[in-house]
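# A closer look at the structure
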Amino acid sequence: MGSFTGFLYRQFTFKPKPLPTTVNLKGKTALVTGASGGLGLEACLELAAHGVSRIILGVRDPSKSDAAKPIQAKNPNVDVQVWQIEQESFASIKEFADRAAGLDRLDIVILNAGVKNVEYVKSSKGGHELNVQVNHLGTALLSLLLLGPLRRTGDATGTPARLTIVSSENHFWVKLKVIKGPDTLARMDDKETFGKDMDRYNLTKLLNVLWMRELSTRASRNVVINAVNPGFCRSGLHRSHSSGASFANMVGWTATQGGHALTDAATQHPQDHGAYISEQTLFSPSSFVLSKEGHSAQVKIWNETIELLTQEAPSSDLLSNL
Ligand SMILES: NC(=O)c1ccc[n+]([C@@H]2O[C@H](COP(=O)([O-])OP(=O)(O)OC[C@H]3O[C@@H](n4cnc5c(N)ncnc54)[C@H](OP(=O)(O)O)[C@@H]3O)[C@@H](O)[C@H]2O)c1
């Protein structure tokens, strides 16, 4: 895994499969971010088809979203709730997590919201480079805040709850200069470090893997945590990247197939805490992730992220479930 020819070979020879018909999610509550469309919505549709009792769709603008309709059409018995979340804003993430803390149960979380921005832009709401703000900082904060309701559900039901972070095979293709130096997060706000084309997006997908691995060592009770590579799919992700969109039209899987990868990671593989799942199976992440240097980077990113969130998104719940 990691070579371009290997990537192409898999795109042509493998297609993600739907969940086995025996999977029954009756009684469970699932929450999926980035559920307005693309892979997130497809994952919600599949969870609904397997009888999930309640599904929460995290979307930026509920008034514009009609994502609930196809889910209700798939299964009218599902309680579909559309909640607002803007991952550029720590305040919005905290509000969203507070709502989730009030649920009587939360069994499955798929942190899927993400952007691929190939031009350097700082988030007007969060102040950090946009890919980092949404893909890493927003996802990291939400993962910490949702651990409480997930763990309570795992404890109450006796079945570990599930937390899946959506990463990418692109984490193999990272230029490591930025991540190896000191003050990585602060330097990523500097335009000079942005690189070109997909460099920064790829880096944030590596941050997703490093974060998931460190989180899984610190939060190991009654929540199974993993990261998933959904594969290269046709979706809105490539909207600001014309070469990516054209390439996706040629070799991309459908968003439905990408959704299968998400539901597989979030409902199967119960023993694989801390795992990287690709092609619906346990895979090794990049050799950098597995190296001693990669482990140092993992701990450094964890420490820097906690420090940043403690300052910019203070909450008594931030570290209370580790
Ligand atoms: N498609 C691929 O080839 C591919 C490959 C590997 C990994 N992935 C990963 O898969 C995940 C889903 O991507 P996709 O392909 O389904 O793309 P997509 O169709 O663009 O979906 C991305 C979702 O994230 C939401 N989002 C973006 N910025 C947000 C923000 N600031 N706050 C809250 N939500 C935000 C979007 O909401 P709006 O509708 O409001 O924009 C949308 O619902 C991403 O994490 C992506 O990195 C995709």
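Predicted model only: the values in this text are computed from it and were never measured. (Residues numbered from 1 in each chain as written. Predicted model: local features only at pLDDT ≥ 70, side-chain atom pairs only at ≥ 80, totals over all residues. Heavy atoms only, no water.)

### Here we look at the overall build of the protein chain
Tallying secondary structure elements over the protein chain gives twelve helices and eight strands in all. Here the protein chain has a C-alpha radius of gyration of 18 Å; the compact-globule value for 322 residues is 20 Å, and the two agree. In terms of principal-axis extent, the alpha carbons of the protein chain reach across some 50 × 45 × 40 Å. Here the protein chain holds 322 residues, and the buried ones make up 59% of them. When the accessible surface of the protein chain is split by element, carbon and sulfur atoms take 51% of a total near 13,200 Å². Distance from the positive charge centre (34 side chains) to the negative charge centre (30 side chains) of the protein chain: 4 Å. (Helix = DSSP H or I, 4+ residues; strand = E, 2+ residues; numbered from the N terminus. Rg over C-alpha atoms; globule rule 2.2 N^0.38 Å. Buried < 20%, exposed > 50% of the residue type's maximum accessible area, 1.4 Å probe, protein only. Areas by Shrake-Rupley, 256 points an atom, 1.4 Å probe, with all protein chains shown as cover. Lys, Arg positive; Asp, Glu negative; His and termini not counted. Charge placed at Lys NZ, Arg CZ, Asp CG, Glu CD.)

### Focus on the site of the ligand
Taken together, 29 residues lie near the ligand, and Ser36, Arg60, Glu86, Tyr201 and Ser235 sit nearest. In this structure, an oxygen atom belonging to the ligand sits 3.2 Å away from a main-chain N or O atom of glycine 114. Relative to its free-state accessible area of 890 Å², the ligand is covered by the protein chains to the extent of 92%. Looking at the shell around the ligand residue by residue, the classes come out as twelve nonpolar, twelve polar and five charged. (Near = heavy atom within 4 Å. Polar contact = N/O pair within 3.5 Å; in protein donor to acceptor, adjacent residues only side chain to side chain. Nonpolar A, V, L, I, M, F, W, Y, C, P; charged D, E, K, R; others polar.)

### Quick notes on the sheet that holds strand S8 (residues 281-283)
Strand order in the open sheet made by the eight strands is S3-S2-S1-S4-S5-S6-S7-S8, with mixed pairing throughout. Across the chains shown, the open sheet's two edge strands, defined by having one partner strand only, are strand S3 (79-84) and S8. Neighbour-to-neighbour, the strand axes of this sheet turn through a mean angle of 25 degrees, independent of strand direction. For strand S2 (residues 54-59) and S3, the ladder comprises six bridges, and the chain directions are parallel. The residue bridging glycine 58 from the neighbouring strand is tryptophan 83, located in S3. Its contacts with the sheet put helix H4 (residues 90-101) on strand S1 (29-33), S2 and S3, and the angle it makes with S3 is roughly 155 degrees. (Pairing = 2+ DSSP bridges. Axes fitted to C-alpha atoms, helices over the stretch in contact; angles between N-to-C directions. Contact = heavy atoms within 4.5 Å.)

### Focus on the state of the cysteines
Summed over all chains, the structure comprises zero disulfides. For the unlinked cysteine cysteine 44, the closest cysteine sulfur is that of cysteine 233, found at 15 Å. A residue is classified by how much of its surface remains accessible, and cysteine 44, at 0% relative accessible area, is buried. (Disulfide = S-S within 2.5 Å.)

None of this, on its own, says anything about what the molecule does.
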